Amino acid sequence: MSQKKPKVVLTRKLPDSIETRMRELFDTTLNDTDVALSHDALIEAVKTADVLVPTVTDKIDADLIAYAGEQLRLIASFGTGVDHIDLAAAKSRGITVTNTPGVLTEDTADMVMALILAVPRRIAEGDALARSGKWHGWSPTGMLGHRINGKRLGIIGMGRIGEAVARRARGFGLSIHYHNRKPVHPETETELEATYWDSLDQMLSRVDIVSVNCPHTPATHMLLSRERLSRMQPSAYLVNASRGEVVDEQALAELLDADHIAGAGLDVYANEPHIPETLRALKNVVLLPHIGSATIEGRLEMGDKVIINVQTFWDGHSPPDRVIEAML
């Protein structure tokens, strides 16, 4: 690579310390407004940048990549998921793609565990009641929920986050079940006392809480279809802090409304920032604004990874977090 500083374009506002370091190292264009770039602005960015630093809110599809100038050699995404980037189109243009894996594992697992606790114990409903001025004090039958100790947790996707969720859940007395492309290492399975299900349908009908922790890929798009959601027990809960596109939102809302599923905790949605009114109107659903990874520590570590990926690539080496399509 050339010894000149690469022209780096950030599509969103990043933590100040990260932006300052990037300005020191690279010829960096910032987005001080933190408003998502328009399609025309993204086109201009890929035409002029050596390195594009997008986030999950930016659609880097084949049409956009077709506008890329010859100088665009790296897309260093600020985030773990890469479903917003057309990896095949990038590869065809000789553009390397990186992400920021690992640093969000514990933060996201914490949020999943928070939702696992919040939904059965009706935390959001209780908060609303306490604020309303209509609470008349404790009663033996007031705000009854369900305990989670002794229940079965079914994890869909036993990667880093899935395992971190399982370790937390064990501490709350949940037994661990999971569905994955293949079983985890025997030592991990023994440590977690986890039961592997090669059939997702069979697992869904037998667990009390379902946690979605798989990435969004063509293979997992609408993985939890109406038919699969209908297999859940009427007393079961669904938690999703992965990607909204993995779940049929309309079917989920209808099944929740009809009490065919007891409740849900959602941090992600299929068409963010739009959240369907059918979900927002339900009392048995806890809704969060995609904050599973939203910690100061996590964002700083993500920024550090972006910097390392850009600098390593520009120095002529393979970046540590290069995304290979076949690995997804």
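Details of the structure are given in the entry above.
Residues numbered from 1 in each chain as written. Predicted model: local features only at pLDDT ≥ 70, side-chain atom pairs only at ≥ 80, totals over all residues. Heavy atoms only, no water.

## Examining the pattern of salt bridges
At step 1: Enumeration according to the criterion identifies 19 salt bridges in this entry.
At step 2: Between aspartate 16 and lysine 13 there is a salt bridge, with the nearest N and O atoms lying 2.6 Å from each other.
At step 3: In this structure aspartate 16 comes out as exposed when scored by relative accessible area, which is 53%.
At step 4: For arginine 168, the salt bridge goes to glutamate 106, with nearest N and O atoms at 2.6 Å. (Salt bridge = Lys/Arg side-chain N within 4 Å of Asp/Glu carboxyl O. Buried < 20%, exposed > 50% of the residue type's maximum accessible area, 1.4 Å probe, protein only.)

## Things to note about empty space enclosed by the protein
At step 1: Applying the stated criterion across every chain yields a total of one cavity of 30 Å³ or more.
At step 2: In this structure, the largest cavity occupies an estimated 40 Å³ of space. (1 Å grid on protein atoms, 1.4 Å probe; cavity = no way out; pocket = protein on both sides within 12 Å on 5 of 7 lines; lining within 4 Å. Points joined across faces, edges and corners; volume = space filled by probe spheres on them.)

## Regarding the packing of helix H5 (residues 105–118) against helix H7 (residues 160–171)
At step 1: Where H5 meets H7, the closest approach of the two axes is 9 Å, and the angle between their N-to-C directions is 50°. Our classification of the angle between H5 and H7 gives oblique. Regarding H5 and H7, the two cross each other, and that crossing is right-handed. Across from Thr105, Glu106, Thr108, Ala109, Asp110, Val112, Met113 and Ile116 in H5, the residues of H7 making contact are Arg160, Ile161, Ala164, Val165, Arg168 and Ala169. (Axes fitted to C-alpha atoms, helices over the stretch in contact; angles between N-to-C directions. Helix = DSSP H or I, 4+ residues; strand = E, 2+ residues; numbered from the N terminus. Parallel < 35°, antiparallel > 145°, perpendicular 65-115°, else oblique. Left-handed = near helix turned anticlockwise from the far one by under 90°. Contact = heavy atoms within 4.5 Å.)

## Focus: the nonpolar core
At step 1: Counting 30 residues, the largest nonpolar core has Ile156, Leu224, Leu229 and Leu238 as its most contacted members.
At step 2: Mapped onto this core, the elements with two or more residues apiece are helix H9 (200–204), strand E9 (209–212), helix H11 (249–257) and strand E11 (263–266).
At step 3: Among the elements that take part in this core, H11 stands out by supplying five residues, more than any other.
At step 4: Contact partners of isoleucine 156, with chain neighbours within four places excluded, come to His179, Leu200, Met203, Leu204, Val210, Ser211, Val212, Asn213, Cys214, Leu223 and Leu224.
At step 5: Val165, Ala166, Tyr237 and Val286 belong to the second largest nonpolar core, which has 28 residues in total. (Core = buried A, V, L, I, M, F, W, Y, C linked by side-chain atoms within 4.5 Å.)

## A few points about the pairing of E11
At step 1: A two-sided burial pattern is seen for E11, the buried positions comprising Gly263 and Gly265 on one face and Ala264 and Leu266 on the other.
At step 2: Here strand E10 (residues 237–240) pairs with E11 via four bridges, running parallel. Across the sheet, the residue bridging to asparagine 240 is leucine 266, located in E11.
At step 3: With H11 bridging E10 and the parallel E11, this β-α-β connection has right-handed handedness.
At step 4: Note that E11 and strand E12 (residues 285–287) share three bridges and pair parallel. When the bridges of E12 are listed, alanine 264 appears paired with valine 285. (Pairing = 2+ DSSP bridges. Right-handed = clockwise from strand over helix to strand, strands pointing away.)

## Quick look at the packing of helix H1 (residues 16–25) against helix H13 (residues 296–314)
At step 1: Two elements in contact, H1 and H13, have axes whose closest approach is 9 Å; the angle formed by their N-to-C orientations is 15°. As judged from the angle between their axes, H1 and H13 are roughly parallel. The two elements H1 and H13 meet at a crossing, and its hand is right-handed. Side by side, H1 and H13 meet where Ser17, Ile18, Arg21, Met22 and Leu25 of the first sit next to Leu300, Gly303, Asp304, Val306, Ile307 and Gln311 of the second.
At step 2: Residue composition of the contact of H1 with H13, by class: six nonpolar, three polar and two charged. (Nonpolar A, V, L, I, M, F, W, Y, C, P; charged D, E, K, R; others polar.)

## Describing the environment of glutamate 191
At step 1: By secondary structure assignment, the location of glutamate 191 is in helix H8 (residues 186–192).
At step 2: Assessed through its relative accessible area of 42%, glutamate 191 is described here as partly exposed.
At step 3: Placed 24 residues apart in sequence, glutamate 191 and arginine 167 show a C-alpha to C-alpha distance of 9.0 Å.
At step 4: Beyond its immediate chain neighbours, meaning those up to four positions away, glutamate 191 contacts Arg167 and Arg170.
At step 5: A distance of 2.9 Å separates the side chain of glutamate 191 from the side chain of arginine 167, its partner in a polar contact. (Polar contact = N/O pair within 3.5 Å; in protein donor to acceptor, adjacent residues only side chain to side chain.)

## Some remarks on the layout of surface pockets
At step 1: When its volume is computed, the second largest pocket comes out at roughly 240 Å³.
At step 2: Taken together, eleven residues line the second largest pocket, and the ones lying closest to its centre are Leu87, Lys91, Arg322, Val323 and Ile324.
At step 3: Only helix H4 (87–92) and strand E5 (96–98) provide two or more residues apiece to the lining of the second largest pocket.
At step 4: In terms of residue class, the lining of the second largest pocket is built from six nonpolar, two polar and three charged.

## Remarks on unusual backbone geometry
At step 1: Put simply, glutamate 272 and proline 273 share a cis peptide bond, and its omega is 10°.
At step 2: Mapping proline 273 onto the fold places it in the loop between E11 and helix H12 (277–280).
At step 3: Notably, arginine 122 is not glycine yet its phi reads approximately 60°, a positive angle.
At step 4: Tracing the chain through its elements places arginine 122 in the loop between H5 and helix H6 (123–132).
At step 5: Take arginine 122: its relative accessible area is 26%, and that puts it in the partly exposed class.
At step 6: Phi at aspartate 259 is positive, roughly 65°, even though this residue is not glycine.
At step 7: Examined against the element boundaries, aspartate 259 turns out to sit in the loop between H11 and E11.

None of the figures reported here should be taken as evidence of function without further support.
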